[in-house]
Each structure stands twice: as structure tokens, then as C-alpha cells.
Amino acid sequence: VRDKKEETVMFSMKGARIVLLLGIVLLAGVVHVAAAPLLSIEPPSQSVHAGQSFSLDVKITGVTDLFAFQFALAFTPGVLAATSITEGPFLARGGTTFFIPGTIDNAGGTIAATGDSLLGPLAGVTGSGTLATISFQALAGGTSPLTLTQVLLLDSQLGEIPVSLRAGAVTVQPATGVPEPRATLLLTLSLAGLLGGGWWRRQRTAS
Amino acid sequence: MHPHIIGTHSIGLVLLIVVSVLAGPPGLSISEGVTAPQITGSPALFPAFDTSISDYITRCASSPSVELTVNAPAGTSVSVDGQPPRTGSFTSIVALTSGQSFLLLVNTPTGTSEHVIRCLPSDFPTWSTERTGPTQAEWYMVTPNIGTLPPGFSDGYVAIFDNNGVPVWWLQSTTPPIDFKLLPNGNVAWQHAVSGRQRFEEHEFNGTLVRSLIVQPPVAVANDFHDSQLLPNGNYLLGAYSPRCCFDLSALGGSANATILDAVLQEVRPNNQLVWQWNGADVISVNEMHPQFRTPVNLDPGGADVFHLNSYEQISDGLGDDIIISMRHTSGVYRIRRDPGGADDGAIIWKLGGLPRPESLTIIGDPRSGHFVGQHDARLHSDGSITIHDNANGTNLPPRAVHYQLDQTARTATWLDEITDPAITAAFCCGSARLLPGGNWVMGWGANRLSTETDVDGNRLFLLTFDDVFSYRTHPVLLGDLSRSVLLAGMDAQFPRTDCADLALVKASFGKHQGQPGFDPGADINQDGVVDVKDLAFVAQHLPAGTHCP
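Residues numbered from 1 in each chain as written. Chains lettered and ligands numbered in written order. Predicted model: local features only at pLDDT ≥ 70, side-chain atom pairs only at ≥ 80, totals over all residues. Heavy atoms only, no water.

**Q** Help me out: how do you make sense of the overall build of chain B in this one?
**A** In terms of regular secondary structure, chain B is built from three helices and 39 strands. Each principal axis of the C-alpha distribution contributes one length, and for chain B these read about 75 × 60 × 45 Å. When the 550 residues of chain B are sorted by exposure, 57% land in the buried category. When the accessible area of chain B is evaluated, it comes to approximately 20,800 Å², of which 53% is carbon and sulfur surface. One finds the centroid of the 30 positive side-chain charges in chain B at a distance of 3 Å from the centroid of its 54 negative side-chain charges. (Helix = DSSP H or I, 4+ residues; strand = E, 2+ residues; numbered from the N terminus. Buried < 20%, exposed > 50% of the residue type's maximum accessible area, 1.4 Å probe, protein only. Areas by Shrake-Rupley, 256 points an atom, 1.4 Å probe, with all protein chains shown as cover. Lys, Arg positive; Asp, Glu negative; His and termini not counted. Charge placed at Lys NZ, Arg CZ, Asp CG, Glu CD.)

So this is what it looks like as C-alpha cells:
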């Protein structure tokens, strides 16, 4: 049915192509080794005051063909409390997405199982951008590391993409607003009030 | 009375004329005062919707969805893809990717009809079809791949068409398949034809590979792709073109010291263990090569194709469990004695056609004095008759299906009948001729892109024409031999429908490990003990692009 000679030529050409590609790959390996993409907290460090709300981004830099991702984040309970996780704009450049915000555990200091994926047989997204934005409330003075864990990036073939991680940190300053009145001052004012009240009542009785 | 369908299905274009005698044209009253719903699709449905037709395709691979426009008059209602039935005019969009399907339920005062609409891959070869009368076959099994397809089309499909010309089941093979057939055990099988990857493969309808078989040593080559058979004892009959030295082909115009491609048959067990082997050159002289095929290419001294085995089938007719073979290059059909261990094992019992030999049958009454030439698909029937696709190479006569009654005692073959097709004037290769029990013929007209079912007089009842390629054979499946539900279930298993509910299932268990509360094994798609982004992405990737899930 199929001409054997034609098939032999086709296979030979394919073989030549493979050799050529192999050569290119080896050459590329000598010239340049592609760096793994970086998943980081942006900004990497910031200082806030207790009681203040703030947010940070989980950012990917230099990724190729990103189809889906997941991560978890650890922080110091008592210093920070996470309030929400929202999807960033990066993955949605490739099409519609399905975002799972994950589970906030402020007692344990974790955000677990945040995930996102493109929907459909699509190519992944290449480049750099924000994957998710996390909002916090600063609770009390102290410093909280922000550590990315359980990170998994998949390409459009559903293969894992190796990734480098960069943690962040947030320093919470104690509150510095209107100073609180001292207890002795309050006591003095109270006694003065009581004495003043007695004198006024006596003056009214005498008259 | 039966529907009459004439249609052409091409990329992005469906030209279809439906004149339905049974169901009537759109708008026809189906009961007093009630007309049938009208349903159209974008991309278009093939065939056009008719309440009497069950299965449709839409070439929707380039689109993430199918948009149906429904006009259901009062007294009728239509349910699209599990949605509540609706009356009146409405549109409904169903997300769908290649191979996936959805169900239409059409309710009328006379009852409810079910209709399946399935997404055809964009690379499926294009075809046209015509039905002009009742057929005796319910399905036609084809491999549209011989020839040159336009860029973007695949030569890897095995497909089962219904008698409306709709592909109801298909599977995309890794290499071009040949000789796609239904096995007696309910599975399907084909041979892979590409050099270096030749093998027999048996699959379930859900696509699962049951077994892959190759011919065994001492044969040092891969399978011949022309035919195969699952035997009653559970073993398999395979063939091979095995190089064998040394033969004197000088009488044929070839080398005096040539290697030939011997015709080899093997019976192998399901585990690929060799049980029995037959070598053609042991009992058939190279000088039986028909003059029509004594060409330099066929007489290549490095591998002269002197026999060209192209069909083989074990039969059981009370005279022995022998094998009927067809050899294109001898223009002969032979009965081979299969008697493992016996003195006559492998002997020629008779020969039909070709150059005469002592075992030749006398042909009586054939209007073609030269008999058949370059034939294919020799099949012996239980009544002792034999049918052949006569390619009629070099005769200046059109190819035909020819039918002889054999008298194996009197050693005669009496011509009974034959059919030709007015559109077929030549067929340099290939082809099949199947005489159905009811008298109709199902023909694969070889290198002509046409498959037909005709009545006993050769009048076309059904026509399937691929635009660019042809199928090596066309295997008919009779009504009742293969249920539609098996085909549909197989397709749904191959192309499961994924929707937002599946994503919700994964989301509910996301991050959970096996043993943790909330872990759902059904969400652990890759069964690695944790529901994570790998499961999420797998499900997500099977949704149509553009899907929005809350």
C-alpha cells in the first residue's frame, strides 16, 4: 500500500532531523543554560504597623508555558492574620482559569492549597507576572517570615516546571498613635473631682 | 419507506439535502396540529436534524462549543444536554471537544426520541454520502488513509459509519491502520501498515489495547498487513512476506538467483506463541506468477514479490478446517490444507483462477474468458460458493464482484453472478466484495474512494465516498451484530465528558491527602494519594477552551 522506498526516505529524514535537533540542543547547552523561573513574594520585605491592612503578591518571573500552579504559604501567627487570597492577572493571559484560593489557618499561620489552572487544551503562559495577591492584617509587633511551600508548576503537557523560590518577610511595628493616659493621672483627676464635688455641695448648703 | 439522504461533509461546510419520506421535511405534522421541532447547529449538524435520525456529528474541534437553535412548536419540547425540556424558540450552547457528545431528547405527542450529537475531530478525512434505499448492513468499517490527504488531516483513523453515512465510532491510531474489522469476540482489530511498526492490534471499543501480535521466528520480518483472523480456537491467523533465497525467476524475466518474498501464514496463540506455519513457496511455484504482474518492480532480485498474499481466512465446511488464500500476483485463489502434523499439511487442495496447475478448478460460465486478475478478498461461504473482488488488472474491463458456486468434488467453479458500478472503470489495487445473507453486496471499490451497498442487481443503495483517500477494505456489519449502545459507550469512554462539576469535585478535595477527612478518591485523578494541581490541571485541560466555571 505504501511505497517502501518512500517510507525509508521519510524515516531517514526524520533521523536526520533528530540528529540536527540533538546538535542544536547540545550547542545550546554549551552556550546557555536556561535559569529556572523564580517564584517570589513581592515585595520581599516590608514594614507595617500593628492594626494595618496590607497585601503582597506571589509573583512568577521567567516562566515558560505555565498551565497551572499551586502553592502554600507559611507566616507567623499572632503577628499576621491572612484575610483573603485573590487570583493575579498572569495566568488568565492564556485564557479562562479556575482559581482555588486555598484555606486560611490564622491559628496555625498557613494558607494551604492555593491552586489555579487554565481551562481547556491551551498553551501555557510565558513571561512574568502576579499569580496571586494575599491580604493580611498586622496584629502585633514582630517579624513574620513569608515562606512558600508545596509549590508545583505545570506546563501545558502537565509536566512539572522546576522553579526557584524566594521567601519574603514582614515586620510589624507596634502602634505609635495618641499616648494612653497613665493610671495615676486618672486617679488624681478622679480624686480631684470627688473633692471638688463635696466642696460645691457644702457651699450650696451654707447659702 | 426509508429516508433518502444525500450529503457532503467537508471542513466547515456541510451541504445536505434531506428528503425524508418517513419523517417528512421540517415542519411536517407529526400528529394532529403538531409539527416536529426544528433544530440546527453551529457548527452545522451532519446530517441535518430529523427526528428519525439518531446520530449526528459536528466538526467542532476548532470551536469550544456547539450552539443549537431550537424551534419546538406547542405540543413538543426539547431537552438539550440534560437541561429541562423547553418549548418555543431558544438557543443552547454546549461546551464540547473532539469525540465528546451530548444528548438531545425530543418530546412530541407520539413519544420521545433520543439523538446523540458528537464532535468530530478537525483532522478526520472528509467524505460525502448518499442513501437511496434500505440497506442490509447497519455499519461499515473503514480505514480512510490510502492516498494523499490535505495538510491537517490524519491518516490514522479507523471508523465505523452508520447507514446514514455518519461516523458513530472512531479511534485514532498511532500509525495508518489497514483491514479494520469486528472480531467474533466483540472486539475490533486492525493491522498497522507502516514499515517497521507492522503489527496486529486488538482493541475494545473503549479504546483499550487488548493485545498486539506479531509473526514469530523463523520468520524474520514483521506482519503482512493485508488480513488477519481470530480463529474459533482463540488463536490468531497472521501473514508475512518473508524473504527467501534462492529462486530462478528467469522464466518470468527476472534474476536466475533471486530472493523472493514468500507468502507465510502463521497461527499464533494470544500470547504470541507460534502454533503453526505455512510457507507458500513450498507448494506454489514462482512460475505461477501471472504475466500481468511480471514487472521489474515485482521481480526485484532483492525481494521479488511473486505471490503477494492479500487475503487469508480459515474455513470449516465439513471437508476440513482449511485456509482460503488469495494471491494478487498469481491471480489465483487457493485452498490450503491445514492439518498440523499430517502428511498433507499445507498442500494445495484446489486453485481457482490464474495459471493452471493440477489442482485447478474448471471455471464454467464466466462471461470474462480471462476470469479474474489481481483479485482481492476471496471469501468462501457456507453454501460452498465463493466471492471475489476482481480488480481485472490489464483486462480493459471494469472491476467487479464475482460469485462462483464451487463443486469441490467435481472440481468446478460455476459463475453465478457479478456486479459492477458505472462509476468504477479500474482499480489498480485493493478492494473488498462482501455478499450479505440478504443478497446485497457491500463493496470497497479499491483505489476509487468509493464504498457501496448495492442490491442483487448492482443498484446502489448506499454510497460512502472519501474526498481524498480510500479505505483498503470496507467491512459490513449486519443489523443486530453490533449494537449502537456498545459503540456509543465506547466513544464516551474514549472521550469522557468533563464539565465544571468535575472541577468542583477536585476543588472540594484540593490539598487533601489519602486518609485525611475530605479526601475524595474520585478527585485523585492520577491516584497518587493526594488531590493537587496535577489532578486539577488534568481535568481543566479536558474542558473546552473558553469554559467558565464558577
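Let's pick the thread back up.
**Q** I would appreciate a short explanation of the state of the cysteines in the present structure.
**A** Here a disulfide denotes one covalent bond, and it connects the sulfur atoms of two cysteines. Applying the stated criterion to the full structure yields four disulfides over all chains. Assigning the bonded cysteines of chain B consecutive numbers by sequence position, one obtains the connectivity 1-2, 3-4, 5-6, 7-8. (Disulfide = S-S within 2.5 Å.)

**Q** Is there a simple way to explain unusual backbone geometry in this structure?
**A** Leaving glycine aside, a negative phi is the common case for residues, and trans is the common case for peptide bonds. Following A:Glu42, the chain continues to A:Pro43 via a peptide bond in cis, the omega torsion being -5°. Looking at the element boundaries, A:Pro43 is found in the loop between strand E1 (38–42) and strand E2 (45–49). In this structure, B:Pro47 follows B:Phe46 across a cis peptide bond, with omega equal to -5°. Within the secondary structure, B:Pro47 is located in the loop between strand E5 (38–42) and strand E6 (55–58). The phi dihedral of B:Asp179 is positive, around 60°, even though this residue is not glycine. Its location among the elements puts B:Asp179 in strand E17 (residues 177–182). Although it is not a glycine, B:Cys430 sits at a positive phi angle of roughly 65°. Mapped onto the fold, B:Cys430 is located in the loop between strand E33 (412–419) and strand E34 (432–435).

**Q** Which parts of the structure should I look at to understand the interface of chain B and chain A?
**A** Accessible area lost on assembly of the parts is the figure often given for the size of an interface. Across the contact, 31 residues belong to chain B and 28 residues belong to chain A. Both faces considered, chain B and chain A share a buried interface measuring about 2,400 Å² in area, 71% of it formed by carbon and sulfur atoms. Sorting the residues of chain B by area buried against chain A places B:Phe510, B:Val533 and B:Gln541 first, and these three jointly supply 25% of that buried surface. Seen at the junction of chain B and chain A, the total is six residue pairs in polar contact (both at pLDDT 80 or more). Contributing elements (two or more residues each) for the side of chain B that touches chain A: strand E14 (144–147), helix H2 (500–509) and helix H3 (533–541) of chain B. Broken down by element, the residue count for the side of chain B that touches chain A peaks at seven residues, all from H3(B). Across the side of chain B that touches chain A, the residue classes tally to 19 nonpolar, seven polar and five charged. (Contact = heavy atoms within 4.5 Å. Buried area = accessible area lost by both parts, 1.4 Å probe. Polar contact = N/O pair within 3.5 Å; in protein donor to acceptor, adjacent residues only side chain to side chain. Nonpolar A, V, L, I, M, F, W, Y, C, P; charged D, E, K, R; others polar.)

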